[in-house]
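# Chains, contacts and geometry: an overview
One-letter residues, chain by chain:
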Amino acid sequence: MNSFKEKGGNAPSAYFTGTVNVNMLLNPADYNTIMGIVSFEAGARTNWHTHTNGQILIVTDGIGYYQEKGKAIQVIQEGDVVQIPVDVIHWHGASKEKAMRHIAIVPGSKTDRTEWLDPVTEEEYSSEF
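For the structure given in this document, a descriptive report is provided here. Please read these numbers as outputs of a predicted model, since none were measured by experiment.

Another aspect to go through is the side chain of Ser95. Among the structural elements, Ser95 can be located in the loop between strand E10 (90-94) and strand E11 (100-107). Apart from the residues within four sequence positions on either side, Ser95 is in contact with Ala42, Gly43, Ile63, Gly64, Tyr65 and Tyr125.

Let us look at the pairing of strand E7 (residues 55-68). Every other side chain in a regular strand lies on the same face of the sheet, so the side chains alternate between the two faces. Two strands pair when backbone bridges link them, and E7 and strand E9 (residues 81-84) are joined in this way by four bridges, in the antiparallel orientation. When the sheet's bridge partners are listed, Ile58 is paired in E9 with Val81. Sheet analysis places E7 next to E11, joined by six bridges and oriented antiparallel. Residue pairing in the sheet places Gly62 in a bridge with Met100 of E11.

Moving on to the layout of surface pockets. Put simply, the largest pocket is a space of about 320 Å³. Taken together, 21 residues make up the lining of the largest pocket; nearest its centre are Phe16, Val38, Gln55, Ala104 and Trp116. Listed by contribution, the elements that provide at least two residues to the lining of the largest pocket are strand E3 (20-24), strand E4 (33-40), strand E6 (49-51), E11 and strand E12 (114-116). Among the elements that line the lining of the largest pocket, the one with the most residues is E4, at five residues.

Moving on, we get to the pattern of salt bridges. Scanning the model with the defined rule gives four salt bridges in all. One salt bridge in this structure joins Arg45 and Glu122, with 2.7 Å as the shortest N-O distance. Of this pair, Arg45 sits in strand E5 (residues 45-46) while Glu122 sits in helix H2 (residues 122-125), and the two are 77 residues apart along the sequence. We note a salt bridge from Lys71 to Glu68, for which the minimum N-O separation is 3.1 Å.

Before going further, it helps to examine the pairing of E10. With five of its five residues buried, E10 lies for the most part within the structure. The sheet contact formed by E7 and E10 spans five bridges and is antiparallel. By the bridge assignment, Glu68 is partnered in E10 with His90.

Conventions we followed
The residue count restarts for each chain, going from 1 along the sequence in the order it is written. The predicted nature of this model means local features are confined to residues of pLDDT at least 70 and side-chain atom pairs, given and counted, to a pLDDT of 80 or more, with totals for whole chains, interfaces and linings taken over all residues. As a rule here, side-chain values cover all heavy atoms of the structure and leave hydrogens and water aside. Secondary structure is summarised from DSSP: a helix means a run of H or I of at least four residues, a strand means a run of E of at least two, and numbering begins at the N terminus for each. Note on contacts: a residue pair qualifies if any of its non-hydrogen atoms lie within 4.5 Å across the two residues. Between any two strands, pairing holds if DSSP finds at least two bridges. In this analysis the probe radius is 1.4 Å and the grid spacing 1 Å, with only protein atoms considered; a cavity is a set of points the probe fits into but cannot get out of, a pocket is an open set with protein on both sides within 12 Å along at least five of seven lines, and lining residues have an atom within 4 Å of a point. Grid points are joined across faces, edges and corners, and a volume is the space filled by probe spheres set on the points. When a carboxyl oxygen of Asp or Glu is within 4 Å of a side-chain nitrogen of Lys or Arg, the pair counts as a salt bridge. When a residue's accessible area, from a 1.4 Å probe over protein chains only, is under 20% of the maximum for its type it is buried; when over 50% it is exposed; and in between it is partly exposed.

Everything listed is a geometric property; what it means functionally is a separate question.
Shown next as structure tokens:
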């Protein structure tokens, strides 16, 4: 049995900026779904990336940001559910001042491909909402 209250291990620095922990909650081979809780310290974030099967974020604590390429940053907070369409270039992470945690769900793990792209620059991260 896993607990979503556990912090998990360090996220790979090749795909994340700042302090990020990931706790995988399901074995994708058993459920054909990737699900983990991701904890971002203030200022931490993912790189730009895509998912061939889309992604769902359920914010469980704190305040963060979500952005699709070419669109304005959206503020996300506890209770928000973000539905990320198939193959949309995006990033997500904590706000500048507050940490954020979310459950990340990627359906169809047997066929999904996550493509990791460039890090989000300080200029992109600090752009207006």
